[in-house]
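Structure at a glance
Next come the chains, spelled out residue by residue.
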Amino acid sequence: MTAQEELARVPLDGLHRELGATMVAFAGYAMPVRYPLGILKEHQHTRERAGLFDVSHMGQVRIHGEGAAEALEGLTTGNLVALKQGRQRYTLLTNDEGGIRDDFMVCNAGDHLFMVVNAACKEADIAHLKAHLEPDFRVEVLADRALLALQGPAAGEVMAELAPDSRDMVFMDARNLAVDGVECFVTRSGYTGEDGFEISVPAGSAEALARRLLAYDAVEPVGLGARDSLRLEAGLCLYGHDMDMETTPVEASLTWAISKVRRPGGKREGGYPGADVIARQLEEGISRCRVGLRPEGRAPVREGAELRDGNGETIGTVTSGGFGPSVGAPVAMGYVATEFAEEGARLVAIVRGREIPVVVANPPFVEPNYHRG
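**Considerations on the overall build of the chain**
For the chain, the count of helices and strands is nine helices and 20 strands. Dimensions of the chain, computed from the C-alpha atoms along their principal axes, are close to 65 × 50 × 50 Å. Taken across its 373 residues, the chain has 57% of its residues classed as buried. Residue pairs in contact within the chain that sit at least 24 positions apart in sequence constitute 64% of those at least 6 positions apart. Element-wise, carbon and sulfur atoms account for 47% of the exposed surface of the chain, whose accessible area totals about 16000 Å². Here the chain contributes 38 positive and 54 negative side-chain charges, whose respective centroids are spaced 3 Å apart.

**Quick notes on the sheet that holds strand E12 (residues 182-187)**
The mixed open sheet is built from six strands, whose spatial order is E11-E12-E13-E10-E4-E14. The sheet is open, and its two borders are formed by strand E11 (174-179) and strand E14 (219-221), each paired with just one other strand. Direction aside, the axes of adjacent strands within the sheet are offset by 30° on average. Here seven bridges tie strand E10 (residues 145-151) to strand E13 (residues 196-202), and the two strands are oriented antiparallel to one another. Residue pairing in the sheet places Ala146 in a bridge with Val201 of E13.

**Some points on the environment of Ala178**
Inspection of the secondary structure puts Ala178 in strand E11. Judged by its relative accessible area of 35%, Ala178 falls in the partly exposed class. Sequence spacing of Ala178 and Ala163 is 15 residues, and the spatial spacing of their C-alpha atoms is 6.0 Å. Each residue touching Ala178, except ones within four places of it in the same chain, is listed here: Leu162, Ala163 and Glu183.

**Remarks on the packing of aromatic side chains**
For the coordinates displayed, the defined rule picks out three aromatic pairs. Between Tyr90 and Trp256 the ring centres are 5.2 Å apart and the planes differ by 25°, which places this aromatic pair in the stacked class. Placement of the pair is Tyr90 in strand E6 (residues 88-94) and Trp256 in the loop between helix H8 (224-233) and helix H9 (275-284), with a sequence separation of 166 residues. The class for Trp256 is exposed, based on a relative accessible area of 55%. Sitting above the plane of the Tyr335 ring, Arg288 keeps its charged end 4.7 Å from the centroid.

**Description of the side chain of Thr91**
Among the structural elements, Thr91 can be located in strand E6. Polar contacts involving the side chain of Thr91 include one to the main-chain amide nitrogen of Gly78, which spans 3.0 Å. Setting aside residues no more than four positions away along its own chain, Thr91 makes contact with Thr76, Thr77, Gly78, Leu80, Asp102, Asp103, Phe104, Val106 and Ala257.

**A few points about the pairing of strand E5 (residues 59-64)**
For E5, the tally of buried residues reaches five of six residues, placing the bulk of the element in the interior. Taken together, the six bridges between E5 and strand E8 (residues 112-117) define a ladder with antiparallel strand orientation. Residue His64 lies in a different strand from E8, and its bridge partner there is His112. Pairing of E5 with strand E9 (residues 138-141), which is carried by four bridges, proceeds in the antiparallel orientation.

Calculation criteria
Residues numbered from 1 in each chain as written. Predicted model: local features only at pLDDT ≥ 70, side-chain atom pairs only at ≥ 80, totals over all residues. Heavy atoms only, no water. Helix = DSSP H or I, 4+ residues; strand = E, 2+ residues; numbered from the N terminus. Buried < 20%, exposed > 50% of the residue type's maximum accessible area, 1.4 Å probe, protein only. Contact = heavy atoms within 4.5 Å. Areas by Shrake-Rupley, 256 points an atom, 1.4 Å probe, with all protein chains shown as cover. Lys, Arg positive; Asp, Glu negative; His and termini not counted. Charge placed at Lys NZ, Arg CZ, Asp CG, Glu CD. Pairing = 2+ DSSP bridges. Axes fitted to C-alpha atoms, helices over the stretch in contact; angles between N-to-C directions. Phe/Tyr/Trp six-rings, centres within 6.5 Å; stacked < 30°, edge-to-face > 60°. Lys NZ or Arg CZ within 6 Å of the ring centre and 35° of its normal. Polar contact = N/O pair within 3.5 Å; in protein donor to acceptor, adjacent residues only side chain to side chain.

Okay, here's the thing in C-alpha cells:
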C-alpha cells in the first residue's frame, strides 16, 4: 500500500481527481493543493469572484445538553453564554500553561452548540472535550458530513440563488438552510478575508452540491495552496505555525479573542485553563509577540527564517511567509521580542545566508471584505 492510499479520503476525493487536482498529504488526509488553473490564478479568482474550497478534513462537532455554553466556557477564552442563537464566535482552547490547544469556531445552533476545529488537532480536541464535558453533556462527532467553503465577492449572489434565505445573513451568522434542496448548516464566514459561506453538508450530498456550485461561471475550485496565501494576506493564523501549545493568546496577538467578561475585572473573569498565566501577561506584559512583516524586494521570506536586529542579534523567527498575489509583494508573520514589535521597525530576515530587509507591519495586508450588512 502506498503512502497516498494510507491517507484518509474526504467525500469529494473523486471529484478533486476528476478536476485534475494535485493531491498532497495534509493532517492525515489526501487533499487538493492546487488545480490546473494554478495557485496564483486560484488566489486571484477568489479575491475577484468566488472560490470553492473543500475543508472536509476539519472536525465538526455538536455539543448537546442544557448549560453546554457555560460548560464549554470552562475550556475556552470566549463569552459563549452571551452568544445569541444563530451567531458564531471565534475562540480558543487553552492548556494549563496558557498555551493554545486550538483555535475554533463555535455557533449557538439553538438546541446545541456547533463547533469546527482544526484537522490536525481534531482527535486531541475531541478527546479533550469528552474528558471534560461528558457524561453531563453529549459530544457528537459529525463524521458523516463534508464541509465546503464558498469564498469571494460573488459568493453572496451564488448562494442567494441556491438558498434565497442566505441573502439576509451577515458576517458570523449561522443557520440551517436548504441549499439547492439539500439541508445544510451554513455560516457566513471563512478563512480568506473575503465574504463567503462555510457549508456543512451530509457527505452523501456533498459531491452533487459541489458540482452545482462549480457550474457557476463565477466559481472555480481552489486548493490548499491558495487558501494559505489568502489567509496569510488576511493576517489569519495557521495553527501549528503561528500559534501552538507553547504560545499564549497574548503572545499570539489574539487578545481580542479573550472576551472582555473573561478578562481580569470582567463579570466572569478567568475560569479557563491557564487563565492565571494569561491574566499575569495582560497585566505585566510579555517578552515576545506575533507581528506582520513586509519583506523588501520580491523574494519571499518563509517559515523558519531567522529575524535579526540592526546589530545582528537574533530577535525572532518567521512563522508564515510567502508571496502575496493581491499585495503584489512578499508578506509574512512571525514572533519578535516586544521591543521590536512597533509598526515600522526595521529588521532583517536570513534567507539562505542572505540578509533580506523586512519592516514590521500590522496585518491584515489586504482590506477585509466581510459582509456586515
